[in-house]
Amino acid sequence: MIIFGTNSSTIHPEKLDGGSCPFCKTKNQMWIQGYRKYFHVFWIPCFPLWRKVYSVCSHCKGVFEKQEFQSKELITSFEYFENNKIKIPWYHFTGIILFVVLITFISFLPILTK
Ligand SMILES: [Zn+2]
């Protein structure tokens, strides 16, 4: 029996520069955070799927999507973090790496045992 499915890892929160909360209007208290889904086989991450990124106000704890921002500065900052700071963690490819290593090992096995 092969156990597989999806799981998620959290994206480390980062503080956004400038802007104010769309709800409580507190300035400079917006954080970007989110999670990334990955496909796993026997709980070993194989490859990344999609990610969900959103913003949280540290004052009122409100959660907001990018579309809810009124400030251009906040949108710019959010997009910058979304595109440049949020990388796929290497361990999401563990399953593929193990598979490649295994295939390589198997294909070299006849040479090694000669
Ligand atoms: Zn707020």
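Rules and cut-offs
Note that residues are indexed from 1 along each chain, following the sequence as it is written. This being a predicted model, a pLDDT of at least 70 is required before a residue's local features are given, and a value of 80 or more before pairs of side-chain atoms are given or counted; all residues contribute to the totals for chains, interfaces and linings. Helix and strand assignments follow DSSP, with helices taken as H or I runs no shorter than four residues and strands as E runs no shorter than two, numbered in order from the N terminus. Counting other C-beta atoms within 10 Å of a residue's own tells you its class, since 20 or more makes it buried, 12 or fewer makes it exposed, and anything in between is partly exposed; those C-beta atoms are placed from the backbone. Two residues qualify as being in contact provided that their C-beta atoms, derived from the backbone, are within 7 Å of each other. Whether two strands pair comes down to DSSP finding at least two bridges between them. By this rule the span expected of a helix is its residue count minus one, scaled by 1.5 Å. An arc is given here, and it is the one of the directions from the helix axis to the C-beta atoms.

The next point concerns the overall build of the protein. A tally of helices and strands in the protein yields 2 helices and 4 strands. When its helices and strands are written in sequence order, the protein yields β-β-β-β-α-α. Along the first, second and third principal axes, the C-alpha atoms of the protein reach 70 × 30 × 20 Å. Looking at the protein as a whole, 14% of its 114 residues are labelled buried. For the protein, the proportion of contacts with a sequence separation of at least 24, taken over those separated by at least 6, is 64%.

Moving on to the pairing of strand 3 (residues 44–57). Where strand 2 (residues 30–41) and strand 3 come together, 11 bridges link them in antiparallel fashion. Among the inter-strand pairings, F39 is bridged to a residue of strand 3, identified as F47. Adjacent in sequence and paired antiparallel, strand 2 and strand 3 are bridged by 2 residues, among which F42 carries a positive phi angle near 50°. In this sheet, strand 4 (residues 63–64) lies alongside strand 3 in antiparallel orientation, the contact comprising 2 bridges. Bridging across to strand 4, S55 finds its partner in F64.

Turning to helix 1 (residues 72–85), a few remarks are in order. Helix length check: helix 1, at 14 residues, gives a terminal C-alpha distance of 19 Å against a target of 20 Å (1.5 Å per residue), a fit within 8%. Along helix 1, the residues that are buried comprise L74, S77, F78 and F81. The arc enclosing the buried residues of helix 1, seen along the axis, measures out at 100°, which places them on a common side. With respect to the buried face of helix 1, the exposed residues turned more than 90 degrees away are K72, N83 and N84.

What follows deals with the pairing of strand 2. As paired strands, strand 1 (residues 4–15) and strand 2 are joined by 10 bridges and run antiparallel to one another. Each bridged residue has a counterpart across the sheet, and for S9 the counterpart in strand 2 is R36.

In short, the description is geometric, and any link to function would need to be established separately.
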